[in-house]
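Fold and geometry: a report
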Amino acid sequence: MTLRIVLLIAVCLLTPGVSLAYPEFQVFIEAQSGRNVNCAMCHAHPDGPEGLKPGQIGSLDPQQLEALSTARAAFEPGQEVHSPILNAFGNHIIHKLGKQQFLLHRQEPQKLAPALGLEDDLDKDGIPNAQELLDGTLPTDPNHGDPWKLFYINLKRRWFHILMVGLATVSGLWGLNNLLHGFERMSASKTRTE
Ligand SMILES: [Ca+2]
């Protein structure tokens, strides 16, 4: 067992280039979106996979190292991956495309979003993962997205509730206005009888 763990650590740390993040995507997304984007879009830690902090390679226990090794070997699409150094979006990319296709996109990072398609939305905020990738927002945070897109989506989702609140407000004001007029009429009538 000990030998297995040592081998796993050796594979993860010594294989050239394997443990490095992929800055090509970050460079493309920042140029495309005009936003500053860090590794938190796809990785468990915003500083990326290298280091000793939680979600980085140096902090992984033997079980997590095994999960990392499995994820790194997921070259074909459709495999369940739970890499401890990736977040849900990073794992989703590997699951959807496979490691092999993902690595090919390093040469043409603009093709990653079309390859992911527009049908998946991990955080259910109404903006597909691939669009958030292009926008430079987090596909794992429903409160993080292009403000105008989130406003428009929420308006479409909640239009009935907003309409009902508006009608209730108008009818409440109308009723209050009639009540005040009623008091005025009663007061005027009482004054005349006196
Ligand atoms: Ca989303």
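Counting of residues starts from 1 at the beginning of each chain's written sequence and follows it residue by residue. The model is predicted, so local features are restricted to residues of pLDDT at least 70 and side-chain atom pairs to those at 80 or more, both for listing and for counting; the totals for chains, interfaces and linings are taken over all residues.

**Quick look at the overall build of the protein**
Here a strand is any run of E in DSSP of at least two residues, a helix any run of H or I of at least four, and the numbering for each starts at the N terminus. Scanning the protein for helices and strands turns up seven helices and zero strands. Secondary structure of the protein in N-to-C order comes out as α-α-α-α-α-α-α. Looking at the 194 residues of the protein, the share that counts as buried comes to 24%. A pair of residues counts as a contact when their C-beta atoms, built from backbone coordinates, are separated by no more than 7 Å. In the protein, the share of contacts with a sequence separation of at least 24, taken over all contacts with a separation of at least 6, comes to 40%. Burial is judged by counting other C-beta atoms within 10 Å of a residue's own C-beta: 20 or more means buried, 12 or fewer means exposed, and anything between counts as partly exposed, with every C-beta placed from the backbone.

**Quick notes on unusual backbone geometry**
Positive phi, close to 55 degrees, is recorded for Lys124, a residue that is not glycine. Structurally, Lys124 can be placed in the loop between helix 5 (112-116) and helix 6 (129-135). According to the C-beta neighbour criterion, Lys124 is exposed, with 7 such atoms within 10 Å.

**Focus: helix 3 (residues 62-72)**
For helix 3, the complete set of buried residues consists of Leu65, Leu68 and Ala71. The buried residues of helix 3 occupy an angular sector of 120 degrees when projected down its axis, which confines them to one face. Our arc is simply the arc of the directions from the helix axis toward the C-beta atoms.

**Description of the environment of Leu116**
With respect to the helices, strands and loops of the structure, Leu116 is situated in helix 5. Residue class for Leu116 comes out buried when judged on the 21 C-beta atoms lying within 10 Å of it. In this structure, Leu116 is in contact with Ile93, Lys96, Asn129 and Ala130, ignoring residues within four places of it in sequence.

**What about the environment of Ala71?**
Counting through the fold element by element, Ala71 comes out in helix 3. Here the alpha-carbon distance between Ala71 and Pro84, two residues 13 residues apart in the chain, equals 9.0 Å. When residues no more than four places from it in sequence are discounted, the contact partners of Ala71 are Val81, His82, Ser83 and Ile94.

**Topic: the nonpolar core**
The term nonpolar core means buried Ala, Val, Leu, Ile, Met, Phe, Trp, Tyr and Cys residues held together as one set by C-beta atoms within 7 Å. Core analysis: the biggest nonpolar cluster contains 28 residues, and Met41, Cys42, Ile93 and Ile94 have the highest contact counts within it. Elements with a contribution of two residues or more to this core: helix 2 (23-33), helix 3, helix 4 (88-104), helix 5 and helix 6. Among the elements that line this core, the one with the most residues is helix 4, at five residues. Setting aside chain neighbours within four positions, we find Cys42 in contact with Leu86, Asn87, Phe89, Gly90 and Ile93.

**Here's the deal with helix 4**
Expected helix span is taken as 1.5 Å per residue step, with the number of steps being one fewer than the number of residues. Relative to the 24 Å expected for 17 residues at 1.5 Å per residue, helix 4 spans just 21 Å between its end C-alpha atoms, considerably shorter than the ideal helical length. Of all the bends in helix 4, the greatest measures close to 100 degrees and is centred on Gly98. All of the buried residues along helix 4 are Phe89, Gly90, Asn91, Ile93, Ile94, Leu97 and Phe102. Note on bend: the value at a residue is the angle between axes fitted to the seven residues ending there and to the seven starting there.

**Examining the environment of Glu50**
In this fold, Glu50 is placed in the loop between helix 2 and helix 3. Judged by the 16 C-beta atoms lying within 10 Å of it, Glu50 is partly exposed. Through-space distance from the C-alpha of Glu50 to that of Ile85 is 9.1 Å; in sequence the pair is 35 residues apart.

**Quick look at the confidence of the model for the protein**
Scored from 0 to 100, pLDDT reflects the predictor's confidence in each residue. Residues with a pLDDT of 70 or more make up 89% of the protein, whose mean pLDDT is 89. Model confidence for the protein, summarised as mean pLDDT per element, is weakest for helix 1 (residues 2-14) at 46 and strongest for helix 6 at 98. Here residues 5-20 is modelled with pLDDT under 50, and outside its nearest four sequence neighbours on either side it reaches 18 contacts, counting other chains as well.

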